[in-house]
Amino acid sequence: MSAIEVGYELLLKDYKPKDIQFFGLSSGASSCFYTFIYGKKNLPYPRHMVAFSPAGPIPVPKDIRGKINETDSLDPVLSPNLLDNIYPYMEEPGITGTITTLDPKIQDICPMTILMGTHEIFHPYLPLYREFAKKYQRDFTIIEGQGLIHCWIALLKTPEGRMGYEKVRDALKAYIN
């Protein structure tokens, strides 16, 4: 069981799912999805999740790999080589094949806000999120940071980082009762 799953289960002892939101950056963003796809418990979805720079299927599908390679010179944060080497570290007992953030198991997922820079290596995955939301009629708000790199919110001392922070803040505030 993941640490996120354990933490969320503890929160559910004192709070209702409608009073909880998830927020994650990079692997934490992907883990927002993994918690409900690969989790050992059948936990209810929180009210809303914000995923900043989530990955997509790993290993990378061939039709997306070329596009990811094109971002290599644009994104100084992550290299496409990461996607070749990370898979063995993600394997767990009972999980075989492609590890993905978008699985039909979560077709009823809560509203999501997904933020991604156009110059980051995960940007070629963005059409998959759009297709998933359309196919399953999910409420996904997708925000693209034009010309921005992986997890640009972390550059908080820059105008772009502050803009990312404000977009996350506004997304979270929109779902507070």
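Everything quoted here is computed from the prediction, not taken from an experiment.

A. Region of interest: the overall build of the protein. Each helix and strand in the protein was counted, giving 7 helices and 4 strands. Secondary structure elements of the protein occur, N-terminal to C-terminal, as α-β-α-β-α-α-α-β-α-β-α. Compactness check: the protein gives a C-alpha radius of gyration of 16 Å against a globular reference of 16 Å for 177 residues, within 12% of the reference. For the protein, the spread of C-alpha atoms along the three principal axes comes to 45 × 40 × 30 Å. Put simply, the protein has 177 residues, and 46% of those count as buried. Contacts spanning at least 24 positions in sequence make up 77% of the contacts within the protein whose residues lie at least 6 apart. Carbon and sulfur atoms make up 54% of the accessible area of the protein, which amounts to about 9500 Å² in all.

B. Just helix α3 (residues 62-70), in detail. Of all the residues in α3, the buried ones are Ile64, Arg65 and Ile68. Along α3, the residues classed as buried sweep out an arc of 110° about the axis, all on the same side. Exposed residues pointing more than 90 degrees away from the buried face of α3 are listed as Lys62, Asp63 and Glu70. Looking at the packing, one finds that the buried side of α3 touches α4 (80-85) and α6 (126-136).

C. Broad picture of the sheet that holds strand β4 (residues 140-145). Ordered by their spatial adjacency, 4 strands build an open sheet running β1-β2-β3-β4, and the pairing between neighbours is parallel. Two strands in the sheet have a free side with no partner beyond their single neighbour: β1 (21-25) and β4. Adjacent strand axes in the sheet meet at a mean angle of 10°, parallel and antiparallel pairs treated alike. For strand β3 (residues 112-117) and β4, the ladder comprises 6 bridges, and the chain directions are parallel. Paired with Thr113 across the strands is Thr141, a residue of β4. This element, helix α2 (residues 27-37), spans β1, β2 (48-52) and β3 of the sheet and lies at about 135° to β1. Contacts between helix α7 (residues 159-173) and the sheet are confined to β1, β2, β3 and β4, with β2 contributing the most and set at about 165° to the helix.

D. Structural detail: the side chain of Glu120. Inspection of the secondary structure puts Glu120 in the loop between β3 and α6. Salt bridges are absent for the buried Glu120, whose nearest opposite-charge side chain, Arg130, sits at 12 Å. One polar contact links Glu120 to Ser53, side chain to side chain, over a distance of 2.8 Å.

Conventions adopted
Residues numbered from 1 in each chain as written. Predicted model: local features only at pLDDT ≥ 70, side-chain atom pairs only at ≥ 80, totals over all residues. Heavy atoms only, no water. Helix = DSSP H or I, 4+ residues; strand = E, 2+ residues; numbered from the N terminus. Rg over C-alpha atoms; globule rule 2.2 N^0.38 Å. Buried < 20%, exposed > 50% of the residue type's maximum accessible area, 1.4 Å probe, protein only. Contact = heavy atoms within 4.5 Å. Areas by Shrake-Rupley, 256 points an atom, 1.4 Å probe, with all protein chains shown as cover. Arc of directions from axis to C-beta. Pairing = 2+ DSSP bridges. Axes fitted to C-alpha atoms, helices over the stretch in contact; angles between N-to-C directions. Lys, Arg positive; Asp, Glu negative; His and termini not counted. Salt bridge = Lys/Arg side-chain N within 4 Å of Asp/Glu carboxyl O. Polar contact = N/O pair within 3.5 Å; in protein donor to acceptor, adjacent residues only side chain to side chain.

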